[in-house]
Amino acid sequence: MSSLPSRLSWPRLAAAAALLAVAAAVYWATAPETLATCRPERGSVVDAVYAAGSVEPTVKMPIAPRVGGRLAERLADEGEQVRKGQVLARLDDADLAGTVDELRARAEYARSQHARIAALAERGFVAAGERERSRSELAAAEAALRRALAQRGYMALTAPADGTVIRRDGEPGQYIGPGQAVFVLACCAPLRVSADIDEEDINRVRVGQPVLLRAPAVPGTVYDGTVADITPQGDPVARSYRVRVRLAEPGALRPGMTVEANLIVARRENALLLPNSAVLDGAVWLLAQGRLQRRAVQLGIRDATRSEIVRGLAGDETVVLQPHAGLRQNRRARPAAR
């Protein structure tokens, strides 16, 4: 008889457990969710096109020999200030020196021969045609000498203008081919920034547009610039266009430094702003009187961290900072402790 209540208690226990499970589910379904919140703030926001670029001279002049030869001496190095006409390097001209001496001797001989024949012609001892022949030989000898002297002059690389040597290639003894640049000279104009803009953004860029620049090599410093020109031909492989930025003041920037450029498209002051994470599918979730309310908003400028709210908020609301897809209208919620 004593075992009967024990057998009857199992269904009751199971029913009680089921009721507890239902009650727990109802509680968790209706319990207020704790959510991080924030309030809209007023401030400035900027719409900008981002680009990576590098600092370069506005004018770069490669200096290369017209004729090939071995580099005999180098008289300037990178970073040096040079003057117009200054000799920067010399190529070995030993062979040309011998050629010049030979042609000079031939020119001297042709000159003396022409003088002798001209004197004889005046006295009638030789025909007039002989004098013309000697004059022609003298002109040819002098032309060959001038050509050799010019080629020898090409063996000295000189600065075409005042400037700074920003690149130097070649070591003494190395063969330098015709047209192979030994120096690159920066001169005649200030530094600029050359940046590549994605083809999707190029229509938002215009000449005269303000630019803010930051260089990793000069942390904590922001440089002002202006879009100076946009190349009309894009790169179909990189899908980008080259934009050149005029610097207001180069400061500590040096040629070759990498920079991050923000080309300002629009700037808004006293804008109503929310963190980007608060906006989900064009709407925000408000927490008012312990209940959630979804509110559609119209967005304006959006930067890397914040979004401008053009319409939909008054500015004094409590907004869910990181809404998720599981939020429901009128669901009970409470703000997380800050």
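Everything numeric in this text was worked out from a predicted model, so none of it was measured. (Residues numbered from 1 in each chain as written. Predicted model: local features only at pLDDT ≥ 70, side-chain atom pairs only at ≥ 80, totals over all residues. Heavy atoms only, no water.)

In terms of helices and strands, the chain carries three helices and 22 strands. Scored against the burial criterion, the 338 residues of the chain give a buried share of 33%. Of all intrachain contacts in the chain linking residues separated by at least 6 positions in sequence, the fraction that spans at least 24 positions is 75%. With the model as given, the accessible surface of the chain reaches about 20300 Å², and the carbon-plus-sulfur share is 52%. (Helix = DSSP H or I, 4+ residues; strand = E, 2+ residues; numbered from the N terminus. Buried < 20%, exposed > 50% of the residue type's maximum accessible area, 1.4 Å probe, protein only. Contact = heavy atoms within 4.5 Å. Areas by Shrake-Rupley, 256 points an atom, 1.4 Å probe, with all protein chains shown as cover.)

Once that is clear, we can look at helix 3 (residues 128–153). Residues separated by three or four positions in an α-helix point in the same direction, a consequence of the helix having 3.6 residues per turn. Compared with an ideal rise of 1.5 Å per residue, which puts 26 residues at 38 Å, helix 3 spans 38 Å between its outermost C-alpha atoms and is within 8% of the ideal. Along helix 3, the positions that sit buried rather than exposed are Ser134, Leu138, Ala141, Ala144, Leu145 and Ala148. Those residues of helix 3 that are buried lie in contact with helix 2 (94–122). (Expected span 1.5 Å × (residues − 1).)

On to the nonpolar core. With 23 residues, the main nonpolar core has Ile197, Leu213, Val243, Leu253 and Leu263 as its most contacted residues. Secondary structure elements with two or more residues in this core: strand 3 (41–57), strand 12 (191–198), strand 13 (210–214), strand 14 (222–230), strand 15 (240–247) and strand 16 (258–275). For this core, the element with the most residues is strand 12, which contributes four residues. In this view, valine 243 contacts Val193, Ser194, Ala195, Ile197, Ile202, Val205, Val227, Asp229, Ile230 and Leu263; residues no more than four positions away in its chain are not counted. With 16 residues, the next largest nonpolar core counts Ile63, Val82, Ala89 and Val165 among its residues. (Core = buried A, V, L, I, M, F, W, Y, C linked by side-chain atoms within 4.5 Å.)

What follows is about the sheet that holds strand 6 (residues 81–82). The antiparallel open sheet is built from four strands, whose spatial order is 4-11-9-6. With partners counted over all chains shown, the strands left at the sheet margins are strand 4 (60–63) and strand 6, one partner each. (Pairing = 2+ DSSP bridges.)

As a further point, take the sheet that holds strand 7 (residues 87–91). Pairing within the open sheet is antiparallel, and its four strands lie in the order 8-7-5-10. The sheet terminates laterally at strand 8 (156–158) and strand 10 (175–176), the two strands that pair on one side only. Two strands pair when backbone bridges link them, and strand 5 (residues 69–74) and strand 7 are joined in this way by three bridges, in the antiparallel orientation. Bridged to leucine 71 within strand 7 is leucine 91.

A few words on unusual backbone geometry. Residue asparagine 270 is not a glycine yet carries a positive backbone phi of 55°. Relative to the assigned elements, asparagine 270 resides in strand 16. Despite not being glycine, aspartate 281 shows a phi value in the positive range, around 55°. You can see aspartate 281 is positioned in the loop between strand 16 and strand 17 (283–288).

Right, let's talk about the environment of arginine 167 for a bit. Structurally, the position occupied by arginine 167 is in strand 9 (residues 163–168). Taking the C-alpha atoms as reference points, arginine 167 and alanine 181, separated by 14 residues in sequence, lie 9.4 Å from one another. Once residues lying within four places of it in the same chain are set aside, the contact partners of arginine 167 are Glu78, Val182, Phe183 and Val184. Only 3.1 Å separates the side chain of arginine 167 from the side chain of aspartate 169, close enough to count as a polar contact. (Polar contact = N/O pair within 3.5 Å; in protein donor to acceptor, adjacent residues only side chain to side chain.)

Before going further, it helps to spend a moment on the confidence of the model for the chain. The share of residues in the chain with pLDDT of 70 or more is 90%, and the mean pLDDT across the chain is 85. The low-confidence segment residues 1–5, where pLDDT is below 50, has zero contacts with residues more than four positions distant or belonging to other chains. (pLDDT = per-residue confidence, 0-100.)

Quick look at the pairing of strand 14 now. In the sheet, strand 13 pairs with strand 14 via five bridges, with the strands oriented antiparallel. Following the sheet pairing, proline 210 is matched in strand 14 by threonine 226. Two strands pair when backbone bridges link them, and strand 14 and strand 15 are joined in this way by five bridges, in the antiparallel orientation. Across the sheet, the residue bridging to aspartate 229 is arginine 244, located in strand 15.

Compared with an ideal rise of 1.5 Å per residue, which puts 29 residues at 42 Å, helix 2 spans 42 Å between its outermost C-alpha atoms and is within 8% of the ideal. Elements that come into contact with the buried residues of helix 2 comprise helix 3. Positive backbone phi, at 85°, marks glycine 124, one or two positions downstream of helix 2.

Before going further, it helps to spend a moment on the environment of valine 59. Secondary-structure assignment places valine 59 in the loop between strand 3 and strand 4. Residue class for valine 59 comes out partly exposed when judged on its relative accessible area of 28%. When the C-alpha positions of valine 59 and glycine 163 are compared, they lie 9.9 Å apart, and in sequence the two are 104 residues distant.

Moving on, we come to the pairing of strand 7. Judged from the three bridges that link them, strand 7 and strand 8 form a sheet pairing that is antiparallel. Paired with alanine 89 across the bridge in strand 8 is leucine 157.

Attention now goes to the pattern of salt bridges. Under the counting rule described, the total for this entry stands at 19 salt bridges. A salt bridge links aspartate 77 to arginine 168; the shortest N-O distance between them is 3.2 Å. Of this pair, aspartate 77 sits in the loop between strand 5 and strand 6 while arginine 168 sits in strand 9, and the two are 91 residues apart along the sequence. The exposure class of arginine 168 is buried, given its relative accessible area of 17%. Here arginine 104 and aspartate 101 are joined by a salt bridge, their closest N and O atoms 3.6 Å apart. With arginine 104 and aspartate 101 both in helix 2 and three residues apart, this pair spans about one turn of that helix. For arginine 104, a relative accessible area of 36% corresponds to the partly exposed category. For aspartate 101, a relative accessible area of 47% puts it in the partly exposed group. (Salt bridge = Lys/Arg side-chain N within 4 Å of Asp/Glu carboxyl O.)

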